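Structure at a glance
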There are 4 protein chains.
Amino acid sequence: TQHAHYVVAIGKKDVDIRTIGQLPGVRDVHHVSDDYKLVSRKWRVKPTVLDLGDGVTIGEGTLALCAGPCSIESEAQMEKVMNHLVENGVRLMRGGVFKPRSSPYAFRGLGMDGLRDFHRMARERGIKIVTEVMQVSQVEEMHDFVDVFQVGARNTQNFNLLDALGGVDKPVMIKRGISGTIEELLSSAEYVFSGGNEKLILCERGIRTFETASRNTLDLNAVPILKAKSHLPVIVDPSHGIGIREYVPAMALAGVLAGADGIVYETHETPETAASDGAQTLDFDESARLIRNLRRVYQLRGELE
Amino acid sequence: TQHAHYVVAIGKKDVDIRTIGQLPGVRDVHHVSDDYKLVSRKWRVKPTVLDLGDGVTIGEGTLALCAGPCSIESEAQMEKVMNHLVENGVRLMRGGVFKPRSSPYAFRGLGMDGLRDFHRMARERGIKIVTEVMQVSQVEEMHDFVDVFQVGARNTQNFNLLDALGGVDKPVMIKRGISGTIEELLSSAEYVFSGGNEKLILCERGIRTFETASRNTLDLNAVPILKAKSHLPVIVDPSHGIGIREYVPAMALAGVLAGADGIVYETHETPETAASDGAQTLDFDESARLIRNLRRVYQLRGELE
Amino acid sequence: TQHAHYVVAIGKKDVDIRTIGQLPGVRDVHHVSDDYKLVSRKWRVKPTVLDLGDGVTIGEGTLALCAGPCSIESEAQMEKVMNHLVENGVRLMRGGVFKPRSSPYAFRGLGMDGLRDFHRMARERGIKIVTEVMQVSQVEEMHDFVDVFQVGARNTQNFNLLDALGGVDKPVMIKRGISGTIEELLSSAEYVFSGGNEKLILCERGIRTFETASRNTLDLNAVPILKAKSHLPVIVDPSHGIGIREYVPAMALAGVLAGADGIVYETHETPETAASDGAQTLDFDESARLIRNLRRVYQLRGELE
Amino acid sequence: TQHAHYVVAIGKKDVDIRTIGQLPGVRDVHHVSDDYKLVSRKWRVKPTVLDLGDGVTIGEGTLALCAGPCSIESEAQMEKVMNHLVENGVRLMRGGVFKPRSSPYAFRGLGMDGLRDFHRMARERGIKIVTEVMQVSQVEEMHDFVDVFQVGARNTQNFNLLDALGGVDKPVMIKRGISGTIEELLSSAEYVFSGGNEKLILCERGIRTFETASRNTLDLNAVPILKAKSHLPVIVDPSHGIGIREYVPAMALAGVLAGADGIVYETHETPETAASDGAQTLDFDESARLIRNLRRVYQLRGELE
């Protein structure tokens, strides 16, 4: 693949990169090794649009909405969330079955049993599944029951996991690290992309700072910067980004005007009783209102000069 | 002044607060000393709207737009900026005459001479002036030539300056500290308010984090949080918040949907030749487009559910 | 195990903790789930000392010194390092065979082949091996060739890896996360400990801040705090902590007086040619001098009031 | 003054630096304006030693010890502290009479009355005074009663104050900003130095990070870096640096091995009743023990290779 004045070597993982550097006409190979190239807009100018099938796409031209609980808890819970999504025309559902928890004693998710139920119920309703994969051995296990693999903020630099996802034919959404830089997020995406999987989504979910009035500091600066640096779609997660239920809608709307290609947020029938993250989870009324507002804002964005 | 179940003592700076604590029926006085009270929405529920005269207000009900160069450079420069503002219906102009610079060898501004010219030209055009005051001795000197005193990010905790501004009858816009918390910004406002000056504006301008792809990390989370905690107007400064010209408009628009009462940004006829901050400064075409877009977004905000 | 006025349940991973909470006389179970308990000094007052065999211990009573290259590169390189260590009485050698790299194109280590050579050569010389394990599948593979498993700063919250290491009978050294809190480090240790492996070492290696004059900000505050909160040994890594070769010795010495039980640092015959991290690696002269100085400082520490 | 291959212009504040740049043989003048030069070790290789008179010096060759309460409270309190210092051979006393407080309702110090008493009592006992100056107008007022002006962490970039201190003939100790970089601290020192006052001390006192287990993150990395970059003495403040009384001594000792020229810490007869900062203040027994240990560590430092 050639662009401008340089050549990018793709899918050459098993070749010693130095042998390429010695070919006639090649320079700048040293710098490739420190940087992202394949996910760069310098190489692929046109924005990437992912097609998940059944008319669901992520990328320029649509506003991807993805909602659901932090954790999958039961069939009854999922049914309620799915009904809410279907009623509001949302086609992507998030929900964790493997949960990374900083304490070993916290709820860790329903695992593969939960995922199989999640998949079956979603298929019946035309809903696509976004769920977190935590380790290499789960990649194969989860593969047939997942529409988008999510790499969580604590695994953004789990390079073995990224390598494994490079060999998969399903989209991968990579969350920015807890204190990850924009460049590190792009480098993590480069891992997957250079492994052969070009179906990638970048997710801004807030970074760790000294501020304690919010759970994280949602870095909306990252949205236009990522969109300029990379051809990959960018999603904003306002739930983790601010961590306080009543302010999630404002940050979701702001995220759209910052240029996001989609929003992923947490919703639950009764946030107060959620197994995890209830304090940042919208109930269905709040969620429905947010969906309507997001669509109006997205429409306006298209009309701005 | 009474609200809910507690009494707030206002303007009692010279009284030992402990004597109040010993009055019958008084409790919680110890906690007052660690916290902001007068700027809190718990005490004054209705949002504060500042009236600058000539139909210019800052606060709920309007979107305050304030633009101009980082530094006042010359009469010719000011005339061009003012013409641009008048053409676009912007009534507030920013521009520094005293410039805080981390190096002692950098340009430090035109000083009082520049301010007098700034004031005369602004008055002729119905424009209100927002400019930074750096030290106590300037408060009196600048007073008659300023519409809004700006306290810069390096002076957010210059308590003597805050005290001095507490005795002034002009509005004060306090920028969040370089690494200031939301609570510290409110406490700094409390200094001015408790000194007797209730005309205050809070400004989110980005905080210092590990991220180096942007100049600062604009913390839009702070907007809904400040609006919920305080009755004071909140302004967003996207120019310092991201520091890169091409991304300033996106962050300005996002700021409005986060709930800001206004936007302050940098514009200059030829940003490339600006005496300071050129890399984050819009030219007049970009500025005019941003103004039109900001107004459309603000209008939509009023129509959202 | 009982201490003071409370009972700690150990090794009960498969029991629903709520059933314990309902037993007569039990309270505070809710808080256990949010916190570290088994690694806490409130439960085990006496400092833990790890015995690695052949007279090598880590913990109170000795200063553990561990040195070696960032990456294992060749037998010749290892031989030189080992000779240097033996001559200076250092019994622990660090060296990576699996290297986490933020770019997919960087050198990723010699893998299991390198580890087997490392192990054989170390055994011949009475040296113990500390090396990084990056994923669950490597735990079993590496097990027989490792004396201390190192969990790197990007894997501090790789909970599956921590779970797997909980089932192993070899010591585990957990590095603090890139922007990890002290509490998170202790919670990660709790994962391993509650899985049954009590052989743990905590490692302070610097955190990410806004400062760019150093690679990381070595947080020596963490040393006395960790020693007070936990009974586990605490090691300081000045090489990653400051990232600049000429300042590594000063930070190593400071670490001992802050209370560290050991120091791990990078050394290489010719740092300029090292496959990774050369800029923070000592040559053998510098290393030998540091070892002598560290021992003098450690001796003095024992004599202070 | 000439060094290596470049000439540094000193004390030329009122000359337009560009006129120098046009002289024959001059280059690099543009970079001077962005950077510190006069405080750099590239210009003055030999470490600066400040002589405060009566045999009290700060800089290479001695370990400067400075102790005292956060706030001056009364003559009785000062007398006790001074007796403690005299008994232990400490010649520098810290104590605030103007206190920067984030809340306007907190204790703000005894002011000039307190300082006059402080000065009189100190003179009688051969003790030198280090105390904070908060604003320009205080510089002249405090001048005759102060031995070292302290610029607090909230005023590190109060450029008017730095300018004013540039015209004074008393030493100035500049604390690193709350989230100040090493380069910013040097630039602030450059302000004072370029104003004509070369009697400067740099103070590391911890920076703001995400860590909440300590008050600040004491950045001991800054000590060897500052010592290498600048010829000025560097002092460490472990009291603010960690903020927890029982860990202050460990960090003080670590600071000496990191290369500090002195330690400033808080002590009070009864820390529990101190008007401010009691939680990080040593009682006299702890202080006396620390002084003895600091001297032993400093002596050892001189003996290390």
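It should be noted that the structure appears before, not after, this text.
Described in the following lines is the structure provided in the data block.

Note on the copies: chain A fits chain B at an RMSD of 0.0 Å, the axial shift is 0.0 Å, and the rotation between them is 180°. Given the turn and translation reported, the copies of this chain are related as if by a two-fold rotation axis. Relative to the rotation axis, the C-alpha of A254 of chain A is the closest in chain A, positioned 2.1 Å from it. The fraction of interface residues of chain A whose copies in chain B are also interface residues reaches 100%, indicating that both copies meet through the same surface.

So, on to the sheet that holds strand β5 (residues 64-68) of chain A. All names here are of chain A. Taking strand neighbours around the barrel as the criterion, the 8 strands line up as β5-β6-β7-β8-β9-β10-β11-β12 in a closed arrangement whose pairing is parallel. Each strand of the sheet is rotated relative to its neighbour by a mean of 25°, with strand direction disregarded. Helix-sheet contacts for helix α4 (residues 111-124) involve β6 (92-94) and β7 (128-132), and the interaxial angle to β7 is about 160°. Running at roughly 170° to strand β11 (residues 234-236), helix α8 (residues 222-229) makes contact with β10 (200-204) and β11 of the sheet.

Following the criterion strictly, the structure yields 100 salt bridges over all chains and no others. Among the salt bridges present, the one from D117 of chain B reaches R120 of chain B, with a minimum N-O distance of 3.2 Å. With D117 of chain B and R120 of chain B both in helix α4 (residues 111-125) and 3 residues apart, this pair spans about one turn of that helix. Linking R292 of chain C and E305 of chain D is a salt bridge whose minimum nitrogen-to-oxygen distance equals 2.5 Å. Of this pair, R292 of chain C sits in helix α11 (residues 284-303) while E305 of chain D sits in the segment after α11 (284-303), each in a different chain. Salt bridges linked by common partners bring E75, E79, D117, R120, E124 and R125 of chain A together as one network.

Looking now at the interface of chain A and chain B. Contacts between the two partners involve 40 residues from chain A and, on the opposite side, 40 residues from chain B. In total, about 3,400 Å² of surface goes out of reach between chain A and chain B, with carbon and sulfur atoms giving 65% of it. Per-residue buried area on chain A facing chain B is highest for F210, N221 and E305 of chain A; these three make up 20% of the total on that side. Taken together, the connections running from chain A to chain B amount to 6 salt bridges. Scanning the region where chain A abuts chain B turns up 14 residue pairs in polar contact (both at pLDDT 80 or more). Put simply, the parts of the chain that give the side of chain A that touches chain B at least two residues each are α8, α9 (238-242), α10 (248-258) and α11 (284-303) of chain A. The greatest single-element share of the side of chain A that touches chain B, amounting to 7 residues, is contributed by α11 of chain A. Its residues placed into classes, the side of chain A that touches chain B shows 21 nonpolar, 10 polar and 9 charged.

We now examine the relation of the copies chain D and chain B. Laying chain D over chain B is done by rotating through 180° and shifting 0.0 Å along the axis; what remains is an RMSD of 0.0 Å. Comparing interface residues between copies, 97% of those in chain D also sit at the interface in chain B, which points to an isologous, same-surface contact.

All names here are of chain D. Taken across its 5 residues, strand β12 (residues 262-266) has 5 buried, putting it largely inside the fold. Side chains G262, V264 and E266 of β12 all project onto a buried face; the interleaved residues I263 and Y265 project onto the opposite face, where all are buried too. Where strand β5 (residues 64-68) and β12 come together, 5 bridges link them in parallel fashion. Counted as the bridge partner of G68 is E266 from β12. Pairing of strand β11 (residues 234-236) with β12, which is carried by 2 bridges, proceeds in the parallel orientation. Counted as the bridge partner of V236 is I263 from β12.

The subject of this paragraph is the state of the cysteines. Residue and element names in this part refer to chain A. A complete count under the given rule lists 0 disulfides over all chains for this structure. Between C203, a free cysteine, and C66, which holds the nearest cysteine sulfur, the sulfur-to-sulfur gap is 9.2 Å. Residue classification places C203 among the buried residues on the basis of a relative accessible area of 0%.

Before going further, it helps to examine the interface of chain D and chain B. Note on interface size: it is often stated as the accessible area lost on association of the parts. Of the residues lining the interface, 35 residues belong to chain D; the matching set on chain B comes to 34 residues. Here chain D meets chain B over a buried area of about 2,900 Å², counting both sides, of which 47% is carbon and sulfur. Connecting chain D to chain B are 4 salt bridges. Between R208 of chain D and E184 of chain B there is a salt bridge, and its shortest N-O distance comes to 2.5 Å. Counting across the chain D and chain B interface gives 15 residue pairs in polar contact (both at pLDDT 80 or more). If you list the elements that add at least two residues to the side of chain D that touches chain B, you get α5 (136-143), α6 (159-165) and α7 (182-194) of chain D. Considering each element in turn, the side of chain D that touches chain B owes the most residues, 5 residues, to α7 of chain D. Broken down by class, the residue content of the side of chain D that touches chain B amounts to 12 nonpolar, 14 polar and 9 charged.

Before going further, it helps to spend a moment on unusual backbone geometry. Positive phi outside glycine occurs at D277 of chain B, with the angle close to 65°. In the Ramachandran plot, D54 of chain D falls in the positive-phi region, its phi being about 55° despite a non-glycine side chain. By the element assignment, D54 of chain D lies in the loop between β3 (50-53) and β4 (56-58). Judged by its relative accessible area of 57%, D54 of chain D falls in the exposed class.

All names here are of chain B. Sheet architecture is closed into a barrel: 8 strands sit in the order β5-β6-β7-β8-β9-β10-β11-β12, paired in parallel fashion. Strand-to-strand twist across the sheet, computed as the mean angle between neighbouring axes with direction ignored, equals 25°. Strand direction decides the pairing type here: strand β9 (residues 172-175) and strand β10 (residues 200-204), joined by 4 bridges, are parallel. Following the sheet pairing, I174 is matched in β10 by L202. Across the sheet, helix α3 (residues 75-87) touches β5 (64-68) and β6 (92-94), and the angle it forms with β6 is around 145°.

Turning our attention to the packing of aromatic side chains. In total, this model carries 8 aromatic pairs over all chains according to the counting rule given. Ring geometry for W43 of chain C against F193 of chain C: centres 6.0 Å apart, planes inclined by 90°, an arrangement best described as edge-to-face. In this pair, W43 of chain C is assigned in the loop between α2 (29-32) and β3 (50-53) and F193 of chain C in helix α7 (residues 182-194), connecting sequence segments 150 residues apart. In this pair, the class of W43 of chain C matches that of F193 of chain C, namely buried. On the numbers, 4.7 Å between centres and 20° between planes, the contact of F159 of chain D with Y191 of chain D is stacked. With F159 of chain D in helix α6 and Y191 of chain D in helix α7, this pair connects stretches of sequence that are 32 residues apart. For the residue pair F159 of chain D and Y191 of chain D, the accessibility class agrees, reading buried in each case. We note R208 of chain B situated over the ring of F210 of chain C; from NZ or CZ to the ring centre the distance is 5.7 Å.

Residues and elements named next belong to chain A. One can describe the packing of helix α3 (residues 75-87) onto α4 by two numbers: an axis separation of 11 Å at closest approach and a directional angle of 35°. Seen along the crossing, α3 lies across α4 with a hand that is right-handed. Two secondary-structure elements touch here, α3 through E75, M78, E79 and M82 and α4 through G114, D117, F118, R120, M121 and A122. The residue makeup of the contact of α3 with α4, split by class, is 5 nonpolar, 1 polar and 4 charged.

Counting residues in hydrophobic clusters, the biggest one holds 308 residues, and the most contacted among them are L220 of chain A, L220 of chain B, L220 of chain C together with L220 of chain D. Residues in contact with L220 of chain B, not counting those within four places in the same chain, are L220 and M251 of chain A together with V236, M251, A254, G255 and A258 of chain B.

Two numbers describe a pair of packed helices, the interaxial angle and the distance between the axes. Packing of α11 of chain C against α11 of chain D leaves a shortest axis separation of 11 Å and a crossing angle of 160°. It follows from the interaxial angle that α11 of chain C and α11 of chain D lie roughly antiparallel. In this structure, α11 of chain C meets α11 of chain D at a crossing whose hand is right-handed. Listed contacts from α11 of chain D to R296, V297, L300 and E303 of chain C of α11 of chain C are R296, V297, L300 and E303 of chain D. Split by residue class, the contact of α11 of chain C with α11 of chain D holds 4 nonpolar, no polar and 4 charged.

Another aspect to go through is the side chain of Q138 of chain D. For Q138 of chain D, the position within the fold is in helix α5. The buried category is assigned to Q138 of chain D, whose relative accessible area is 4%. One polar contact links the side chain of Q138 of chain D to the main-chain amide nitrogen of M134 of chain D, over a distance of 2.7 Å. In contact with Q138 of chain D, other than residues within four places in its own chain, are N160 of chain B together with F98, V133 and H143 of chain D.

For G89 of chain D, the position within the fold is in the loop between α3 (75-87) and β6 (92-94). Separated by 24 residues in the primary sequence, G89 of chain D and L65 of chain D place their C-alpha atoms 9.2 Å from one another.

About the criteria used
- Sequence order as written defines residue numbering, which begins from 1 separately in each chain.
- Think of it this way: whatever chain is written first is A, whatever ligand is written first is 1, and the rest follow in order.
- Thresholds applied to this predicted model are a pLDDT of at least 70 for local features of residues and 80 or more for the giving and counting of side-chain atom pairs; totals over whole chains, interfaces and linings are not thresholded and use all residues.
- Side-chain measures here rest on the full set of heavy atoms in the structure, leaving out hydrogens and waters.
- The copies were overlaid by least squares, fitting only the C-alpha atoms of residues that reach a pLDDT of 70 or more in each copy.
- Working rule for contacts: check all heavy atoms of both residues, and any pair within 4.5 Å makes them a contact.
- Being paired, for any two strands, means DSSP has found at least two bridges between them.
- Where helices and strands are cited, they refer to DSSP runs of H or I of at least four residues and of E of at least two residues respectively, numbered from the N terminus.
- Only the stretch in contact is used when fitting a helix axis, every axis being a line fitted to C-alpha atoms; angles between N-to-C directions are given from 0 to 180 degrees.
- We define a salt bridge as a contact between a side-chain nitrogen of Lys or Arg and a carboxyl oxygen of Asp or Glu at a distance within 4 Å.
- In short, buried area is how much 1.4 Å probe accessible area vanishes from two parts on joining, totalled over both.
- Polar contacts here mean pairs of N or O atoms no more than 3.5 Å apart (in protein, one a potential hydrogen donor and the other a potential acceptor; neighbouring residues in sequence count only if both atoms are side-chain atoms).
- Charged means Asp, Glu, Lys or Arg here, nonpolar means Ala, Val, Leu, Ile, Met, Phe, Trp, Tyr, Cys or Pro, and polar covers whatever is left, Gly included.
- Using a 1.4 Å probe on the protein chains alone, a residue whose accessible area is under 20% of its type maximum counts as buried, one over 50% counts as exposed, and one in between counts as partly exposed.
- In this description, the term disulfide denotes a pair of cysteine sulfurs within 2.5 Å.
- Side-chain rings of Phe, Tyr and Trp, where Trp is taken by its six-membered ring, are said to pair if the distance between their centres is within 6.5 Å; with planes under 30 degrees apart they count as stacked, over 60 as edge-to-face, and otherwise as tilted.
- We call a charge positioned over a ring when the NZ of a Lys or the CZ of an Arg lies within 6 Å of the ring centre and within 35 degrees of the ring normal.
- Note on convention: the crossing is left-handed when the near helix lies turned anticlockwise from the far helix by less than a right angle, right-handed when the turn is clockwise.
- The set of buried Ala, Val, Leu, Ile, Met, Phe, Trp, Tyr and Cys residues whose side-chain atoms join them within 4.5 Å is what this entry labels a nonpolar core.
- What sets the label is the angle itself: under 35 degrees gives roughly parallel, over 145 gives roughly antiparallel, 65 to 115 gives roughly perpendicular, and the rest give oblique.

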